[in-house]
Structure formats: C-alpha cells, structure tokens
Amino acid sequence: MYSNWRTQRMAQVVRDGGVIAYPTEAVWGLGCDPWSADAVYRLLAIKARPVEKGMIVVAGDIRQFDFLLEDLPEAWQDKLANSWPGPNTWLVPHQGRLPEWVTGEHETVALRVTDHPLVRELCRFTGPLISTSANPAGRPAARSRLRVEQYFRGELDGVLGGALGGRRNPSLIRDLRTGETVRPS
C-alpha cells in the first residue's frame, strides 16, 4: 500500500470539506467530497466551471460505486468491471442517487476507478472523490505541482504531492448505455 501520513492528512482535509489537488494518471486533478455541496461549489468557483456540466467521480475500488451499480444490467456491470481500474471513464445512469451539484443537468454521472496508487490510497480513506483537471476553465490542465500552485495560489486547502502516472492523455469517456465515445483518450 502507498499509505503515508500525507495521504491521511489530505484525506482528513477532504472529510472536513476541503478542496485539494493531487496527481492522477495523466494530469493533476482537483478533488473534494462529492456529498459536500459547499466543497463542490467552491471547487467549481475555483475552476470557473458551470455546475450544469457535471463532474467526474473517481474511486479506488469498484465496490465504492456499489450504491450506483448494484441494480444495473449484468452486462453493463461486467463491462465496467472488465475496464477498471484504468483510464476508462464511463457515463453511468445515476438514478437520482447523486446530488445535482455532481451530476449537473445529466441523467448520467461520469465514473472512473483509478489505477494511480496514490489516488487509490486517498480514496481508501475518503471514499469516492470529485476528480476534475487542475486548471481554470479554458486553460491547459496542470502537469506539475508548480503549475497547480501558479493557477490556484492560496485557493486550495492542500496539495498531495506525488508523481503523475505514465499516461499522456486524460481518460477515455464513453457512454455505458450506447458505447459511444464522448472524449477520446
């Protein structure tokens, strides 16, 4: 396991309603507790991102999404299980089980089970997290801690240091219902 005191400290910041930055598979991400309206709206304000767009939720293990997946068709559950952990984000029907500050104006929510060891460990302590690229709207995603600090000087409650994963591009996004690619990797 990747566990260390920094990961546990950042997990506590998230549980306390904070917004943090952390490295992901390809770019730095911003995260917070998806159940905290205050934290999610603050993250959206920091990024200048409209709530209507919806957010990605990342987990360290597929079981953290059981509340969303348990009554989906078996073929869909198998498709998800066979693609995770990894660089696959799926638009999954949320069936009203997540708040509108996470889902935006959509009937689906973007879900990913990460294969980044640091994010997996963080999610072990926090449960699923909001995971959005660390950049103000319209700017390139941060690929270094320095860029995160330049973009968000003084606006974040913590930064979990670590290395990016080996991927060059953000995750592929597909619609689970149709198989349609929404964002190529």
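Everything numeric here is computed off the predicted structure, so don't read it as measured data.

Definitions and cut-offs
Residues numbered from 1 in each chain as written. Predicted model: local features only at pLDDT ≥ 70, side-chain atom pairs only at ≥ 80, totals over all residues. Heavy atoms only, no water. Helix = DSSP H or I, 4+ residues; strand = E, 2+ residues; numbered from the N terminus. Rg over C-alpha atoms; globule rule 2.2 N^0.38 Å. Areas by Shrake-Rupley, 256 points an atom, 1.4 Å probe, with all protein chains shown as cover. Salt bridge = Lys/Arg side-chain N within 4 Å of Asp/Glu carboxyl O. Buried < 20%, exposed > 50% of the residue type's maximum accessible area, 1.4 Å probe, protein only. Pairing = 2+ DSSP bridges. Phe/Tyr/Trp six-rings, centres within 6.5 Å; stacked < 30°, edge-to-face > 60°. Axes fitted to C-alpha atoms, helices over the stretch in contact; angles between N-to-C directions. Parallel < 35°, antiparallel > 145°, perpendicular 65-115°, else oblique. Left-handed = near helix turned anticlockwise from the far one by under 90°. Contact = heavy atoms within 4.5 Å.

**Student:** When you look at the overall build of the protein chain in this model, what are you seeing that I'm missing?
**Tutor:** Scanning the protein chain from N- to C-terminus turns up seven helices and 10 strands. For the protein chain, the C-alpha radius of gyration of 15 Å lies close to 16 Å, the compact-globule estimate for 185 residues. Across its three principal axes, the protein chain shows a C-alpha extent of roughly 45 × 35 × 30 Å. Taken as a whole, the protein chain presents about 8,800 Å² of accessible surface, with 48% of it coming from carbon and sulfur.

**Student:** When you look at the pattern of salt bridges in this model, what are you seeing that I'm missing?
**Tutor:** Think of it this way: side chains of opposite charge can pair up when their charged atoms draw near. Scanning the entire structure with this criterion turns up eight salt bridges. Across the pair Asp-157 and Arg-42 runs a salt bridge, and its minimum N-O distance is 2.6 Å. With Asp-157 in the loop between α7 (145-151) and β8 (158-159) and Arg-42 in helix α2 (residues 37-47), the pair connects residues that are 115 residues apart, well separated along the chain. Take Asp-157: its relative accessible area is 39%, and that puts it in the partly exposed class. The salt bridge involving Arg-63 is made with Asp-61; its shortest N-O contact spans 3.1 Å. Taking relative accessible area as the criterion, Asp-61 reaches 22% and is therefore assigned partly exposed.

**Student:** Before we go on, may I ask you to explain the pairing of strand β2 (residues 28-31) in this structure?
**Tutor:** Strand residues, when the strand is regular, have side chains that alternate between the two faces of the sheet. On β2, burial covers both faces: Trp-28 and Leu-30 on one face and Gly-29 and Gly-31 on the other are all buried. Bridge count for strand β1 (residues 20-23) against β2 is four bridges, and the pairing is antiparallel. Along β2, the bridge assignment pairs Ala-21 with Leu-30. The antiparallel pairing of β1 with β2 creates a hairpin that spans four residues between the two strands.

**Student:** Looking at this structure, how should I read the sheet that holds strand β4 (residues 88-93)?
**Tutor:** Hydrogen bonds along the backbone pair up the strands of a sheet, which may run parallel or antiparallel. Taken together, six strands build an open sheet; the order of strands is β6-β3-β5-β4-β9-β10 and the sheet is mixed. Of all strands in the sheet, those bounded by a partner on one side alone are β6 (129-130) and β10 (181-183). Examined bridge by bridge, β4 and strand β9 (residues 172-175) share four bridges and lie parallel to one another. Each residue of the ladder has a partner; that of Thr-89, found in β9, is Ile-173.

**Student:** Quick question: what am I supposed to make of the packing of aromatic side chains here?
**Tutor:** For any pair of aromatic rings, geometry is given as the distance between the ring centres together with the angle between the planes. Counting across every chain of the model gives four aromatic pairs. Centroid distance Trp-35 to Phe-67: 5.9 Å. Interplanar angle 50 degrees. Geometry classified as tilted. Of this pair, Trp-35 sits in the loop between β2 and α2 while Phe-67 sits in helix α3 (residues 66-69), and the two are 32 residues apart along the sequence. With a relative accessible area of 48%, Trp-35 lands in the partly exposed category.

**Student:** What is the right way to read the packing of helix α1 (residues 5-15) against helix α6 (residues 117-126) from this model?
**Tutor:** Packed helix pairs are specified by the crossing angle of their axes together with the interaxial distance, meaning the distance between the axes. The interhelical angle for the contact between α1 and α6, taken along N-to-C directions, is 50 degrees, at an axis separation of 9 Å. On the basis of their axis angle, the class for α1 and α6 is oblique. Once α1 is placed against α6, the crossing between them reads as right-handed. Across the interface between the two elements, Thr-7, Gln-8, Met-10, Ala-11, Val-14 and Arg-15 of α1 pack against Leu-118, Glu-121, Leu-122, Phe-125 and Thr-126 of α6.

Purely spatial values, then, with no claim about function.
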